[in-house]
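Chain by chain, the residues run as shown.
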Amino acid sequence: MSKLRFGYFIAPFHTPGENPTAALERDLKFVEHLEELGYDEAWFGEHHSAGSEIISSPEIMIAAASQRTSRIRLGTGVLSLSYHNPLWAADRIMMLDHITRGRVIFGVGPGSLPTDSAMIGLDPTDTRELLQENLDIVVRLLRGETVSAKTRTHELFDARLQLAPFSDGGVDIAVAALASPTGPRLAGMHGLGLLSIGATLTADGFNALAHHWNVLEERAAATGNTVDRSKWSLAGPFHIAETQEEAYRQVEYGIQGWFEYFQHVAAFPQMAVQGGNIKEMIDFINEAGIGVIGTPEQARAQVQRLWDQSGGFGSMLMMSHDWANPQDSRRSAELFAQRVFPHFQGQANATLQAAELAKKGRAVHTQSQLDAVAHMTQKYQDELAAKSS
């Protein structure tokens, strides 16, 4: 299996009332920062209501970010496929595959906010049923098939895409999963990737991780598909600083707004959080195992915990939030890259072993250096003595 990748899941969660233009620009600049730090992926969400998650088109954000970056992969996290004509959704992603030179990842889901779907006459049951229908159509279109199909919202007649994929392997697709087996089931049926957004945030998210992969493998085997753990991404919240006390102080900036959103605004009970004051909120994040507010060492332990519970995955996504101010949030991402990445990408042990070997041999090598200086000094003195005689 390839080394663990790291990225950010940018829903985003911004405070209502602040300048949305500045917030969107900050998101794009943050992706530039992530690429400079060596992150592998950045995913953008799709939401249309409730005031905090203000990206309505992940495709537009990907197009903008692709012009500011050259290496980092860019994903829809996720496109609410049930809201869209599946032909146009597939067509836009194929176009992005070319604009990004093969860096796009097509993350799909039913849509998380009922205040979104209600505006187009769909309820959460409708969106989940439509996801299965639309995903089947999209997969076939992206594979180059001609599709005629009718759903409750759209009808296609000999539909096909006019572009072929930029890359030989085509466009990577990942299906969103919370605690239920719906996402893993669909991913397995089509041999797709999996995006576990509820890896830690839902009540049963952590306990469901191993079950998710079992469901995915079972459905893949039943339909004759193969699946790859390297295409499984997990998302969870982190904020780290040099000390735990500093991390706690930094999240006082905005963690209450994040909790307020999930407790009182978003009709999204799967993401239930608890806490009435800042201390209770911090304790809930850390003690419930939802995420980490603390140090790089605590972040490493959380990633390892998720790895052990799941049996292994391909990408760890930090959930973007405004718990801390922009400067401290950027520093958190930097600390993660400096002190967490190496332990999961095969780099830490090599440098630690090199340092340990040098430490063990230091006394011998120090003496050899001193001996060399003494030897050359004596040699020079002998040369002077020979000249004077």
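Keep in mind that this is a model prediction, so the values were computed, not measured.

Section: helix α9 (residues 255–265)
Within α9, the full set of buried residues consists of I255, W258, F259, Y261 and F262. One face of α9 carries all of its buried residues, which in axial projection span an arc of 150°. On its buried face, α9 is in contact with α8 (244–251), α10 (278–287) and β12 (292–294).

Focus: the pattern of salt bridges
Evaluation of the coordinates by the stated rule reveals 17 salt bridges. The partner of R68 in a salt bridge is E32, with the nearest N and O atoms 3.0 Å apart. Within this pair, whereas R68 is found in the loop between α2 (58–66) and β3 (73–76), its partner E32 is found in helix α1 (residues 20–37), the two being separated by 36 residues in sequence. Its relative accessible area of 32% is what places R68 among the partly exposed residues. For K231, the salt bridge is made with D172, and the minimal N-O distance between the two is 3.5 Å. Taken as a pair, K231 in the loop between α7 (205–223) and β10 (232–236) and D172 in strand β8 (residues 172–177) lie far apart in primary sequence, 59 residues in all. A relative accessible area of 41% places K231 in the partly exposed class.

Concerning the packing of aromatic side chains
Within this structure, the stated rule accounts for 18 aromatic pairs. Aromatic side chains F6 and F341 sit 4.5 Å apart centroid to centroid with 15° between the ring planes, which places their arrangement in the stacked category. Residue F6 is located in strand β1 (residues 5–10), and its partner F341 is located in helix α13 (residues 341–344); the two are separated by 335 residues in the primary sequence. Since its relative accessible area comes to 4%, F341 is described here as buried. One aromatic cluster is present, formed by F6, Y8, F30, Y39, F238, F336, F341 and F344 through successive ring pairs.

A few points about helix α5 (residues 124–142)
An ideal rise of 1.5 Å per residue puts 27 Å on 19 residues; α5 measures up with 26 Å between its terminal C-alpha atoms. Largest kink in α5: about 25°, centred on L131. When α5 is considered as a whole, its buried residues turn out to be D126, T127, L130, L131, N134, L135, I137, V138, V139, L141 and L142. Here α5 starts with a cap whose side-chain oxygen sits 3.0 Å from the backbone nitrogen of T125, and that cap is D123.

Observations regarding the pairing of β8
Each regular strand shows side chains that alternate between the opposite faces of the sheet. Most of β8 is tucked away, with five of its six residues classed as buried. Two strands pair when backbone bridges link them, and strand β5 (residues 104–109) and β8 are joined in this way by four bridges, in the parallel orientation. By the bridge assignment, F106 is partnered in β8 with I173. One ladder, built from four bridges, connects β8 with strand β9 (residues 193–196); its direction is parallel. Bridged to V175 within β9 is L194.

Topic: the side chain of D126
The topology assignment puts D126 in helix α5. Take D126: its relative accessible area is 14%, and that puts it in the buried class. Of note is the side chain of D126, whose polar atom sits 2.9 Å from the side chain of R152. The residues contacting D126, other than those within four sequence positions of it, are G121 and R152.

Considering the packing of α2 against helix α3 (residues 86–99)
Two measures define how a pair of helices packs: the angle their axes make with one another and the distance between the axes. α3 packs onto α2 with a crossing angle of 10° between their chain directions and a minimal axis gap of 10 Å. Here α3 runs roughly parallel to α2, going by the angle between their axes. Residues E59, I62, A63 and S66 of α2 touch α3, and the partners they reach there are R92, I93, L96 and I99. Looking at the contact of α2 with α3 residue by residue, the classes come out as five nonpolar, one polar and two charged.

Considering a nonpolar patch on the surface
There is a patch of nonpolar side chains on the surface, built from M95, I99 and L163 and spanning about 240 Å² of accessible area. Turning to its location among the elements, M95 is positioned in helix α3. Judged by its relative accessible area of 49%, M95 is partly exposed.

Considerations on the nonpolar core
Of all hydrophobic cores here, the largest spans 68 residues; its most connected members are F6, Y39, F106 and F336. The element that contributes the greatest number of residues to this core is α5, accounting for seven residues. Contact partners of F336, with chain neighbours within four places excluded, come to F6, Y39, F238, I240, A299, V303, M318 and F341.

Considerations on the environment of V171
Summarising the element assignment, V171 is placed in the loop between β7 (155–159) and β8. According to the relative accessible area criterion, V171 is buried, its value standing at 13%. Not counting residues up to four positions away in its chain, the partners in contact with V171 are I93, M94, D97, V104 and F106.

How each quantity is defined
- Residues numbered from 1 in each chain as written.
- Predicted model: local features only at pLDDT ≥ 70, side-chain atom pairs only at ≥ 80, totals over all residues.
- Heavy atoms only, no water.
- Buried < 20%, exposed > 50% of the residue type's maximum accessible area, 1.4 Å probe, protein only.
- Helix = DSSP H or I, 4+ residues; strand = E, 2+ residues; numbered from the N terminus.
- Arc of directions from axis to C-beta.
- Contact = heavy atoms within 4.5 Å.
- Salt bridge = Lys/Arg side-chain N within 4 Å of Asp/Glu carboxyl O.
- Phe/Tyr/Trp six-rings, centres within 6.5 Å; stacked < 30°, edge-to-face > 60°.
- Expected span 1.5 Å × (residues − 1).
- Bend = angle between axes of the 7 residues up to and from the residue.
- Polar contact = N/O pair within 3.5 Å; in protein donor to acceptor, adjacent residues only side chain to side chain.
- Pairing = 2+ DSSP bridges.
- Axes fitted to C-alpha atoms, helices over the stretch in contact; angles between N-to-C directions.
- Parallel < 35°, antiparallel > 145°, perpendicular 65-115°, else oblique.
- Nonpolar A, V, L, I, M, F, W, Y, C, P; charged D, E, K, R; others polar.
- Patch = residues over 30% accessible without salt bridge, like charges linked within 9 Å, V, L, I, M, F, W, Y side chains within 5 Å.
- Areas by Shrake-Rupley, 256 points an atom, 1.4 Å probe, with all protein chains shown as cover.
- Core = buried A, V, L, I, M, F, W, Y, C linked by side-chain atoms within 4.5 Å.

None of the figures reported here should be taken as evidence of function without further support.
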